[in-house]
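Read off the chains here:
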Amino acid sequence: MARSKKSGLSQILERFSRKATEATGTSTAFILACLVIIVWLVTGPLFRFSDTWQLVINTGTTIVTFLMVFLIQRSQNKDALAIHLKLNEIVAALEGASNRLIDVEDLTEAEIKTLHKHYQTLVTMAKKDLALTTSHSVEEAEARHNIKHSKHKHNAK
């Protein structure tokens, strides 16, 4: 798959963002944050719990929080887009799946609620079955597997 060409700055920011997301989500980062708080608490008596002492932690945590909001949102946007693409591929590839669900995230809230009601109706119908295995049996899964297997040539070499 060809990747789109990005500007040098964009590539640098993407790499930095990915590495920062990975680094801040570690146990080491959490321990480091706890150590900063402990050092701040221990230095309280040295600075007589002054306003400046309090301002240091308030300013530091505000800056970190502000930057992390954007970093987390960027990471969530990218992950959500990747998941949508994977789900779109599955919907597009599955025989019998409704193509109306491809890019469903781009529909209006009212359209999504309409689709949700449709699927709630299907759930109600499924609950009327005597047992879960009535609509999703091992035999059904085996039959689907055999159909897929027969459609694709598997060459054993």
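Residues numbered from 1 in each chain as written. Predicted model: local features only at pLDDT ≥ 70, side-chain atom pairs only at ≥ 80, totals over all residues. Heavy atoms only, no water.

Novice: How would you summarise the pattern of salt bridges if you had to cite specific residues and measurements?
Specialist: When their charged atoms lie close together, side chains carrying opposite charge are able to pair. Taken as a whole and judged by the stated rule, the model has three salt bridges. With a closest N to O distance of 3.3 Å, Lys78 and Glu14 form a salt bridge. Highlighted residues: Lys78 in helix H3 (residues 51–93) and Glu14 in helix H1 (residues 8–24), separated in sequence by 64 residues. Taking relative accessible area as the criterion, Glu14 reaches 19% and is therefore assigned buried. Across the salt bridge formed by Lys113 and Glu109, the nearest N and O atoms sit 3.6 Å from each other. With a gap of four residues between them, Lys113 and Glu109 both fall in helix H4 (residues 109–127), about one helical turn apart. When its relative accessible area of 48% is taken as the criterion, Lys113 is described as partly exposed. A single salt-bridge network, built from bridges that share partners, covers Glu14, Arg74 and Lys78. (Salt bridge = Lys/Arg side-chain N within 4 Å of Asp/Glu carboxyl O. Helix = DSSP H or I, 4+ residues; strand = E, 2+ residues; numbered from the N terminus. Buried < 20%, exposed > 50% of the residue type's maximum accessible area, 1.4 Å probe, protein only.)

Novice: So what's going on with helix H6 (residues 138–151)? Residues and values would help.
Specialist: Taking 1.5 Å of rise per residue, 14 residues should cover 20 Å, and H6 covers 20 Å from first to last C-alpha, within 8% of that figure. Within H6, only zero of the 14 residues are buried, leaving the element largely exposed. (Expected span 1.5 Å × (residues − 1).)

Novice: Please set out the packing of aromatic side chains residue by residue, giving values where relevant.
Specialist: Overall, the coordinates contain three aromatic pairs when judged by the stated rule. When the ring of Trp40 is compared with that of Trp53, the centres are 4.0 Å apart and the planes differ by 5 degrees; the resulting orientation is stacked. One end of the pair, Trp40, is in helix H2 (residues 27–43); the other, Trp53, is in helix H3, and 13 residues separate them in sequence. You'll find Trp40 and Trp53 in the same group, each marked buried. Both rings, one in Phe66 and one in Phe70, keep their centres 5.1 Å apart while their planes meet at 70 degrees; by these two values the pair is edge-to-face. Of this pair, Phe66 and Phe70 are both found in helix H3, four residues apart, which corresponds to roughly one turn of the helix. The pair Phe66 / Phe70 is uniform in exposure class, with both members exposed. (Phe/Tyr/Trp six-rings, centres within 6.5 Å; stacked < 30°, edge-to-face > 60°.)

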